[in-house]
Amino acid sequence: MPESELYGPPGPAPTPSRPLLGITVLVVEDSRFACEALRLLCLRSGARVRRADCLKSARRHLRVYRPSVIIVDLGLPDGSGLDLIQEMIDTAPRVPVILGTSGDRFAEHAAIAAGADGYLPKPIESLAAFQEAILQRLPADRRPATLSLPTDELIRPDPIAYQDDMAHAADVLSDMEDSKALDYVAQFVGGVARSAADEPLARAAEDLADARRNGRPVAFFAAQVAGLVQTRLADRQVV
């Protein structure tokens, strides 16, 4: 496919108040809560946003068009976002800005080593930090001539998105005998909980992940996470 078809027609020029006007951001993220935050950040910045919730969906998007920016969560239900980042580094035309994201505080090095241009730690809620992470890596002709970055605006996703994530976690936790599912849910729940400032659930997810990493029995920790998830599903005012 010709490059012109992959990128599509040029969009409107960016402005100081909408510095990402005219670009498309592909968000590869399985958390509805994190994705809602990124959708709001893109909307406030003027960018178009598309979402893929797994590697398979992301690859399907990328066969049709090339976004200006791709933000890849490192823990996805069908594999690691690091694999997708590595694939995109070797694919022409290259996506201009490739960013990794995760709630794991140790994941930045892995994202950069895989070839990402930068990294967004979760929770992603600062409008200024979001815009700066993209703008400093965009080609000069895609940046506004002057820029008026917001000072301290924070984006708050709809709590309903958190409930959707808890429902997804509960479905995965229904099979506690599946070791891969436990690894995934520990990463998923931990990232979502940290994004929502739900410290008890974040600690429980980290305890489960730590038990899995160190080969310790996990039944207690998995049950603890499952119980907290069910509590949050029952209490829609938790976030």
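See above for the structure.
A brief look at the structure comes next. Note that the coordinates shown come from a computational prediction; the quantities given were computed from them, not determined experimentally.

**Examining the overall build of the protein**
- On a plain count of helices and strands, the protein comes out with 10 helices and 7 strands.
- In terms of overall dimensions, the protein is globule-like: its C-alpha atoms have a radius of gyration of 18 Å, near the 18 Å expected for 239 residues.
- Taken along the three principal axes of its C-alpha coordinates, the protein extends 55 × 35 × 25 Å.
- Here the protein holds 239 residues, and 49% of them are scored as buried.

**With respect to the environment of A223**
- Residue position: A223 is located in helix α10 (residues 219–234).
- Residues A223 and S45 lie 178 residues apart in sequence; the distance between their C-alpha atoms is 41 Å.

**Observations concerning the sheet that holds strand β1 (residues 24–28)**
- Strands sit in the order β2-β1-β3-β6-β7 across an open sheet of 5 strands; the sheet is parallel. One side of each edge strand has no neighbouring strand; the edge strands of this open sheet are β2 (48–52) and β7 (118–121). The average angle at which neighbouring strand axes cross in this sheet is 20°, direction not considered.
- Sheet analysis places β1 next to β2, joined by 5 bridges and oriented parallel. Within the sheet, the bridge partner assigned to T24 lies in β2 and is R48.

**Notes on the pairing of β1**
- In terms of burial, β1 is a largely internal element, 5 of the 5 residues being buried.
- Here β1 shows no split at all, with T24, L26 and V28 on one side and V25 and V27 on the other all buried.
- Handedness of the crossover is the feature at issue here: the chain leaves β1, passes through helix α2 (residues 32–45), returns alongside β2, and the resulting connection is right-handed.
- In this structure, β1 lies alongside strand β3 (residues 69–73), joined through 4 bridges in parallel fashion. Within β3, the position partnered with V27 by the bridge is I71.

**Some words on the packing of helix α3 (residues 55–64) against helix α4 (residues 81–89)**
- Look at α3 against α4: their axes get within 10 Å of each other, and the N-to-C directions meet at 20°. Taken together, α3 and α4 sit at an angle that is classed as roughly parallel. Considering how the two elements wind past one another, α3 and α4 form a crossing that is right-handed. Contacts between α3 and α4 pair L55, A58, R59 and L62 from the former with G81, D83, L84, E87 and M88 from the latter.
- Tallied by class, residues from the contact of α3 with α4 come to 5 nonpolar, 1 polar and 3 charged.

Each value, and the rule that gives it
Residues numbered from 1 in each chain as written. Predicted model: local features only at pLDDT ≥ 70, side-chain atom pairs only at ≥ 80, totals over all residues. Heavy atoms only, no water. Helix = DSSP H or I, 4+ residues; strand = E, 2+ residues; numbered from the N terminus. Rg over C-alpha atoms; globule rule 2.2 N^0.38 Å. Buried < 20%, exposed > 50% of the residue type's maximum accessible area, 1.4 Å probe, protein only. Pairing = 2+ DSSP bridges. Axes fitted to C-alpha atoms, helices over the stretch in contact; angles between N-to-C directions. Right-handed = clockwise from strand over helix to strand, strands pointing away. Parallel < 35°, antiparallel > 145°, perpendicular 65-115°, else oblique. Left-handed = near helix turned anticlockwise from the far one by under 90°. Contact = heavy atoms within 4.5 Å. Nonpolar A, V, L, I, M, F, W, Y, C, P; charged D, E, K, R; others polar.

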